[in-house]
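Descriptive structure summary
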Amino acid sequence: MHRKLSGDELSITPLASVDTLKILDLLCGSLSTVGATAKTAKFWQWKHEDNPFGVSVGLCAHSTGNSSLVAVRPFMKWALRLPDQSVVCALRPVDTVTHPDWRGKGLFTKLTRAAIDDVDKDSAKLLFNTPNSSSFPGYIKLGWSCAEELAVAIKINRVSHFVSRFLLNRRIEVGLKWSNISAGGTKSATSVSENELNSVLAWCAEADDRRPAVGLRTFRNIEFLKWRYVDQPNVDYGFFIRKRDDGQLESVVVVRLEERKGIVGALIQDVFLGDSTEKSVANALKCLGRDLNVGFLAAHFAHGTNEYSALRRNLFFPVKKIKLATRSLSEDGKFSDSSEFGSWDLSLSDIEVF
């Protein structure tokens, strides 16, 4: 159903009613077309249609003059779990783009407010995202607040890579394939049999249920883990799997490779352990570093978690902070203080490739 957007020669329609290719044409003019977040039809379907938490909602704006698509405002559905195991349904504003000819007209604000008016307040209770520096002020004006600054920490894993790159001016030609990177402990998701992978993912989901939580955390059931780490069309995630002497799983670390300034690094997405203690996490990360021939490791874990303490034990140091913007939704559609939901317990997997 078309609706007029007040003050402009525009009409708005639900996100689901617009052809994906038209949306991609608009997105690709402003957002990434390469790498982990390359805006392809498969990526859009994975992100907005196959999401186990539900199909994305939102609005699109069209010019009433020629019916051309001029802006998109999608909200991903998300499920967060509190330490008491209760679930908070949330929405993540992502992939927001306005055609260059329509920028500076307040369309971002109008379309965002219209999309929020359409939200089912009985289900969605919270809005959260990690906007970049250019879009963050716009969210603040709309009532969002900075809940936390999420610190990404790194550790130099192979000094020789940095010496070769910055002193000898050589790019690291190691190849972005796990077979070229790992000593044998890290396996590509695509190289593991379906039965073994399902078994590993089920164990990871159970391990996350047992893990001590300190705040809002993505609900990591097996359906989510498969979607997140196996079905993502742009990334072949690596699973660093360690077993005990009796063959039972001891730890699983999920990583992806990325090249920064000519140096290949491993981004630690999640750590799953049979016994989630600071010492066990630190040992898993130490073994991961030994297995991978990469220049650096990078990760984010929340303050107060065993994973965060393990990063410090393994001499990771913060290099970047990402603003986590949040706002809760009251039943009458107005905003209320998001602090009612407490602190956050996120990992790198929650804040990247979205």
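Structure: above.
Our subject in this report is the structure included herewith. Every chain begins its residue count from 1, and numbering advances along the sequence as written. For this predicted model, a pLDDT threshold of at least 70 governs which residues receive local features, and a threshold of 80 or more governs which side-chain atom pairs are given and counted, while totals over whole chains, interfaces and linings are taken from all residues. The side-chain quantities take in all heavy atoms of the structure and omit both hydrogens and water.

**Focus: the environment of Arg228**
Here a helix means four or more residues in a row that DSSP labels H or I, a strand means two or more in a row labelled E, and each is numbered from the N terminus. Positionally, Arg228 belongs in helix 8 (residues 222–229). Along the sequence, Arg228 and Pro318 sit 90 residues apart, while their C-alpha atoms lie 25 Å from each other. Filtering out sequence-adjacent residues up to four positions away, Arg228 remains in contact with Trp46, Tyr237, Gln269, Ser349, Glu352, Val353 and Phe354. A distance of 2.6 Å separates a polar atom in the side chain of Arg228 from a polar atom in the side chain of Tyr237. Counting of polar contacts relies on pairs of N or O atoms within 3.5 Å, with two restrictions inside protein: one atom must be capable of donating a hydrogen and the other of accepting it, and residues adjacent in sequence are counted only when both atoms are side-chain atoms. A polar side-chain atom of Arg228 sits 3.1 Å from the main-chain carbonyl oxygen of Ser349. We call two residues in contact whenever any of their non-hydrogen atoms come within 4.5 Å of each other.

**Section: the side chain of Arg81**
As for its placement among the helices and strands, Arg81 is situated in strand 4 (residues 69–81). With a 1.4 Å probe rolled over the protein chains alone, any residue whose accessible area is under 20% of its type maximum counts as buried; one over 50% counts as exposed, and the rest are partly exposed. Since its relative accessible area comes to 11%, Arg81 is described here as buried. Separated by 3.4 Å, the side chains of Arg81 and Gln85 make a polar contact. Of the polar contacts made by the side chain of Arg81, one reaches the side chain of Asp209; its length is 2.7 Å. Excluding residues that lie within four positions of it along the chain, Arg81 makes contacts with Ser86, Val87, Asp208, Asp209, Gly215, Leu216, Arg217 and Phe219.

**Re the nonpolar core**
Across soluble globular proteins, you tend to see nonpolar side chains buried next to one another. Judged by nonpolar contacts, the single largest core of 51 residues is most densely connected at Trp78, Leu80, Leu225, Phe239, Val252, Phe272 and Trp344. Per-element tally for this core: the top contributor is helix 7 (residues 194–210), with seven residues. Once residues lying within four places of it in the same chain are set aside, the contact partners of Leu225 are Leu201, Cys204, Ala205, Arg220, Val230 and Phe272. Within the second largest apolar cluster, 26 residues are counted, among which are Phe240, Ala266, Leu288 and Leu297. Nonpolar core, defined: a set of buried Ala, Val, Leu, Ile, Met, Phe, Trp, Tyr and Cys residues in which side-chain atoms within 4.5 Å join the residues together.

**With respect to the pairing of strand 12 (residues 249–260)**
With nine of twelve residues buried, strand 12 is to be regarded as a mostly interior element. Between any two strands, pairing holds if DSSP finds at least two bridges. As paired elements, strand 11 (residues 238–243) and strand 12 share six bridges and run antiparallel to each other. Bridged to Ile241 within strand 12 is Val252. From the end of strand 11 to the start of strand 12, which pair antiparallel, there are five residues, and Gly247 there has a positive phi angle of about 90 degrees. Pairing of strand 12 with strand 13 (residues 263–273), which is carried by ten bridges, proceeds in the antiparallel orientation.

**Comments concerning a nonpolar patch on the surface**
A residue counts toward a patch only above 30% relative accessible area and without a salt bridge, and it is joined to like-charged neighbours within 9 Å or, for Val, Leu, Ile, Met, Phe, Trp and Tyr, to nonpolar neighbours within 5 Å. All accessible areas in this document rest on Shrake-Rupley with a 1.4 Å probe, and a residue is counted as covered only by the protein chains that are shown. Each reported salt bridge corresponds to a side-chain nitrogen of Lys or Arg within 4 Å of a carboxyl oxygen of Asp or Glu. A contiguous nonpolar surface patch, about 550 Å² in accessible area, is contributed by Ile156, Val159, Val163, Leu167, Phe317 and Val319. Within the residue set of the nonpolar patch, elements represented by two or more residues are helix 5 (159–167) and strand 15 (317–329). Take the nonpolar patch: its biggest share by element is three residues, from helix 5.

**Topic: the environment of Ser86**
Topologically, Ser86 is positioned in the loop between strand 4 and strand 5 (87–93). For the pair formed by Ser86 and Leu324, sequence separation is 238 residues and the distance between their alpha carbons is 21 Å. Non-local contacts of Ser86, meaning those with residues more than four positions away in its chain, are made with Leu80 and Arg81. There is a polar contact of 2.6 Å between the side chain of Ser86 and the side chain of Asp84.

**Concerning the pattern of salt bridges**
Oppositely charged side chains can pair when the atoms bearing their charge come close. Counted according to the given criterion, the structure contains 17 salt bridges. The residue Asp270 makes a salt bridge to Arg220 at a minimum N-O spacing of 3.1 Å. Here Asp270, found in strand 13, pairs with Arg220, found in the loop between strand 10 (217–218) and helix 8; they are 50 residues apart in sequence, far enough to count as distant. The exposure class assigned to Asp270 is buried, which follows from its relative accessible area of 0%. Taken together, the shared-partner salt bridges in this structure form one network comprising Asp208, Arg211, Arg217, Arg220, Asp270, Glu307, Asp345 and Asp350.

**Concerning the pairing of strand 4**
Here strand 4 lies mainly inside the structure; twelve of its 13 residues are buried. Where strand 3 (residues 57–63) meets strand 4, six bridges bridge the pair, whose relative direction is antiparallel. Among the inter-strand pairings, Ala61 is bridged to a residue of strand 4, identified as Ala71. Taken together, strand 3 and the strand that follows it, strand 4, pair antiparallel across an intervening segment of five residues, in which Ser67 is found at a positive phi of about 65 degrees. Bridge count for strand 4 against strand 6 (residues 97–98) is two bridges, and the pairing is antiparallel. Pairing of Val72 across the sheet is with Val97, part of strand 6. Across seven bridges, strand 4 lies against strand 5 in antiparallel orientation. Along strand 5, the bridge assignment pairs Ala79 with Cys89.

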